[in-house]
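# Architecture at a glance
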Amino acid sequence: MIYPPVRRMSVDAQRRNFLRAAGAVAVAGALPPWSNMAAAATREEFTPDVEIELVARPDELQILPGRTTGVWHYAGRVLKGPADAVQTIAGSYAGPIFRLKTGQKVRIRFKNQIPQPSIVHWHGLIVPEQMDGHPRHAVAPGGEYLYEFEVRNRAGTYWFHPHPHGLTGTQVYGGLAGLFIVSDDEESAAQLPSGERDISIVLADRTFDAANQLVYEGAMGGGMMGGMTGFFGERILANGRPSLSFPAAAGAYRLRLLNGSNSRIYRIVRSDRKPLVAIGADGGLLAAPETKPFVVLGPAERAELWIDFHDESAGSRIALVAEPLDFGGPGMGMMGGMMGGMMGQGRGRATQPAAPQPFALFTVSRNGDRQVLPPRLSELAPIIAPQGTQRREFAITLGRMRWGINGRTFEMNGVAPDEEIRFGETEVWEFSNRTSMMAMPHPMHVHAVQFRVLERIGTPSGLDGLRSGFLDSGLKDTVLVLPGERVRVLLSFKDYRGLFLYHCHNLVHEDMGMMRNFRVT
Ligand code: C2O
Ligand code: CU
Ligand code: CU
């Protein structure tokens, strides 16, 4: 598929694809460009502190030298409230960046101007079910959706992206993704680097054809093996650019990283091989800084780093490097023999390797100042499962060349008995990845909560080295479950009742149905 896909496929064909993917029964009739505006009028009075318009639309950008690239892009603007609540990244399909505070009430008017059904999900944010961007709320091309919610999450680096069933990967890949940065008083008290010393970078891999157009072979077009492993782009982009350069002061920086790739996993290192200092995970600041040899980021995961150039001499050049972990790719990295034989066949350009990419180059060129890394960053509860906690196992399964969870694939409104949750409960969920047929990692994501990682059981030797790169001590909404591993997480369903999703955030897997609902009542 080449972007924008409308060039190759009529809107009607897109719609048929969507209906097929979504299960025609579930959404038939739900797709005229309706909006939920009328419903909003009947809800009780909502007075927003911030009101934002967010438009998904096609665009043309200069990404590589030569021809411009057709992309899809979220254009955001503030209708009410502080002007810096929406920050655009000039010349990039990435973004915009929302900046809000805990406790603020936000209204977002979403306008779908791409030629596919779409809906926006606020990844990591805890919002009511009507506001969560469930695929059953997708609006047709030309449609609108009104979001109104209070920001309940603590400070952290959250994000937003489309979530229509069967088309999430296509739309994210086209360029639809932005950061949703939340701040609060606890975070301000930590006095971390701010302003130009607070840098956000979204990593994503992309493949371009000879005419500089994006190529995507996802759920529909990647062939049998592509559908099973995922889509691996040939180049790694940072904020939609081949690389980013920063003239840096000899001081401390806060760096927020999101892996916005559809399938690829990265190991983040410094070019000078000095250790990294991690200060935050998916759901905000860690309790205390952690020194790590590298940080591992699966799709949808975030990391916040403290990078201090104070001791570097003027003129030093230090890069952050994203090393692709080619579990499903030809290099195979440390997975080597486990799936080498199987993966060796039928691989198209969907799984070409990407080279390690120095994605952010800092040239220390200005005087700085000494800023002390706070020894304590935030209050986090200890990770303990109370006695008698309800336990559930969600096994990653493979049947008829499709990934599933406990042997099931997505049903638009379907909830199985073991997916019914009591409101207010704290539970332990175990994601087990023990399929012998095809061993690969799966980034498992749960909506409506931020969870804690209790334990990882059975990490295979050879992969246990990766553990030192995980940010398991923090609040998480997505956790990478390695092949052979069982990961237990602790979650509390105390915020909203309703129907929410849990799924693999390898977007090719998700689009092919590795996603389920759970219901909190
Ligand atoms: Cu970031 Cu359900 O997704
Ligand atoms: Cu989510
Ligand atoms: Cu998966």
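Keep in mind that this is a model prediction, so the values were computed, not measured. (Residues numbered from 1 in each chain as written. Chains lettered and ligands numbered in written order. Predicted model: local features only at pLDDT ≥ 70, side-chain atom pairs only at ≥ 80, totals over all residues. Heavy atoms only, no water.)

## Examining the overall build of the protein chain
The helix and strand inventory of the protein chain stands at 8 helices and 31 strands. By residue count, 62% of the 521 residues in the protein chain fall in the buried class. Within the protein chain, contacts between residues at least 6 apart in sequence are counted, and of these 80% link residues at least 24 apart. A total accessible area of about 18600 Å² is found for the protein chain, and carbon and sulfur atoms account for 51% of it. (Helix = DSSP H or I, 4+ residues; strand = E, 2+ residues; numbered from the N terminus. Buried < 20%, exposed > 50% of the residue type's maximum accessible area, 1.4 Å probe, protein only. Contact = heavy atoms within 4.5 Å. Areas by Shrake-Rupley, 256 points an atom, 1.4 Å probe, with all protein chains shown as cover.)

## A closer look at the nonpolar core
Counting residues in hydrophobic clusters, the biggest one holds 33 residues, and the most contacted among them are Ile 201, Leu 203, Leu 255, Ile 268 and Phe 359. The element that contributes the greatest number of residues to this core is strand 21 (residues 357-366), accounting for 4 residues. Ignoring anything within four residues of it in the chain, the contact list for Ile 268 reads Leu 203, Leu 257, Leu 276, Phe 294, Val 295, Leu 297, Val 321, Ala 322 and Phe 359. Ranked by size, the runner-up nonpolar core spans 31 residues in total, among them Trp 122, Met 131, Phe 149 and Val 151. (Core = buried A, V, L, I, M, F, W, Y, C linked by side-chain atoms within 4.5 Å.)

## Here's the deal with the sheet that holds strand 27 (residues 452-457)
With mixed pairing, 5 strands are arranged side by side in an open sheet as 23-22-25-29-27. Lying at the two open borders of the sheet, with one neighbouring strand each, are strand 23 (402-405) and strand 27. Neighbouring strand axes in the sheet, compared pairwise and without regard to direction, differ in orientation by 20° on average. Both strand 27 and strand 29 (residues 486-492) contribute to a ladder of 5 bridges, which runs antiparallel. (Pairing = 2+ DSSP bridges. Axes fitted to C-alpha atoms, helices over the stretch in contact; angles between N-to-C directions.)

## A closer look at the coordination of the copper ion (ligand 3)
Each angle at a metal carrying four tetrahedral donors should ideally be 109.5 degrees, and each at a metal carrying six octahedral donors should ideally be 90 or 180 degrees. Distances from the copper ion (ligand 3) to its protein donors, namely His 442 (ND1), Cys 504 (SG) and His 509 (ND1), fall within the range 2.0 to 2.2 Å. Along the chain, the residues donating to the copper ion (ligand 3) are arranged with the sequence spacing H-x61-C-x4-H. Placement of His 442 in strand 26 (residues 442-446) and of His 509 in helix 8 (residues 507-511) is noted, with a sequence separation of 67 residues between them. A residue is classified by how much of its surface remains accessible, and His 442, at 0% relative accessible area, is buried. Residue His 509 is classed as buried on the basis of its relative accessible area, which comes to 1%. (Donors = N, O, S within 2.8 Å, 3.2 Å for Na, K, Ca; no water.)

## Overview of the coordination of the copper ion (ligand 2)
For the copper ion (ligand 2), every protein donor is listed as His 121 (NE2) and His 445 (NE2), and the spread of their distances is 1.9 Å. Of this pair, His 121 sits in strand 6 (residues 120-123) while His 445 sits in strand 26, and the two are 324 residues apart along the sequence. Per residue, the accessibility class of His 121 equals that of His 445, and both read buried.

## Some remarks on the pairing of strand 1 (residues 50-61)
For strand 1 and strand 5 (residues 105-112), the ladder comprises 7 bridges, and the chain directions are parallel. Bridge pairing in strand 5 places Val 55 opposite Lys 111. The pairing of strand 1 with strand 2 (residues 69-80) spans 11 bridges and is classified as antiparallel. Across the sheet, the residue bridging to Glu 51 is Lys 80, located in strand 2.

## Description of the side chain of Gln 213
Within the secondary structure, Gln 213 sits in the loop between strand 10 (198-208) and strand 11 (214-215). Here Gln 213 falls in the buried class, since its relative accessible area comes to 6%. Only 2.8 Å separates the side chain of Gln 213 from the backbone oxygen of Thr 68, close enough to count as a polar contact. (Polar contact = N/O pair within 3.5 Å; in protein donor to acceptor, adjacent residues only side chain to side chain.)

## Quick notes on the pairing of strand 17 (residues 284-292)
Summarising the sheet, strand 16 (residues 276-281) and strand 17 pair through 5 bridges and their orientation is antiparallel. From the neighbouring strand, Ala 278 faces strand 17, where its bridge partner is Glu 290.

## Some words on the sheet that holds strand 28 (residues 478-481)
Sheet architecture is open: 5 strands sit in the order 24-31-30-26-28, paired in mixed fashion. Only two strands of the sheet have a single partner each, and these edge strands are strand 24 (420-421) and strand 28. As paired strands, strand 26 and strand 28 are joined by 4 bridges and run antiparallel to one another. Bridging across to strand 28, His 442 finds its partner in Val 481.

## Here we look at the pattern of salt bridges
Applying the stated criterion across every chain yields a total of 42 salt bridges. Put simply, Asp 311 and Arg 370 hold a salt bridge, and the shortest N to O gap is 3.2 Å. Note that Asp 311 is positioned in the loop between strand 19 (302-308) and strand 20 (317-325) and Arg 370 in the loop between strand 21 and strand 22 (390-399), a separation of 59 residues in sequence. Look at the salt bridges and you will find they share partners, linking Arg 99, Glu 187, Asp 198, Arg 254, Arg 256 and Glu 304 into a network. (Salt bridge = Lys/Arg side-chain N within 4 Å of Asp/Glu carboxyl O.)

## Examining the packing of aromatic side chains
Going through the model one piece at a time under the given rule, you end up with 27 aromatic pairs. Where Phe 394 meets Tyr 502, the ring centres are 4.8 Å apart and the plane angle is 50°; that geometry is what we call tilted. Of this pair, Phe 394 sits in strand 22 while Tyr 502 sits in strand 30 (residues 498-504), placing them 108 residues apart in sequence. On the accessibility criterion, Tyr 502 (0% relative accessible area) is buried. (Phe/Tyr/Trp six-rings, centres within 6.5 Å; stacked < 30°, edge-to-face > 60°.)

## Digging into the side chain of Arg 456
Relative to the helices and strands, Arg 456 resides in strand 27. Accessibility expressed as a relative area gives 11% for Arg 456, which makes it buried. One polar contact links the side chain of Arg 456 to the main-chain carbonyl oxygen of Leu 480, over a distance of 2.9 Å. In this view, Arg 456 contacts Arg 467, Phe 470, Asp 472, Val 479, Leu 480, Glu 485, Arg 486 and Val 487; residues no more than four positions away in its chain are not counted.

## Digging into the confidence of the model for the protein chain
Counting all residues, the mean pLDDT for the protein chain is 88, and 85% of those residues have values of 70 or more. Confidence drops under a pLDDT of 50 for residues 6-33, and excluding neighbours within four residues, the segment shows 44 contacts in the predicted structure. Here residues 328-351 scores under 50 on pLDDT; set against residues more than four positions off or in separate chains, the count is 50 contacts. (pLDDT = per-residue confidence, 0-100.)

## Some remarks on unusual backbone geometry
With an omega dihedral of 5°, the bond running from Gly 95 to Pro 96 counts as a cis peptide bond. Tracing the backbone shows Pro 96 in the loop between strand 3 (86-87) and strand 4 (97-101). Of note in the backbone geometry, Gln 191 takes a positive phi value of approximately 50° without being a glycine. Along the chain, Gln 191 falls in the loop between helix 5 (185-189) and strand 10. Given a relative accessible area of 62%, Gln 191 falls into the exposed group.

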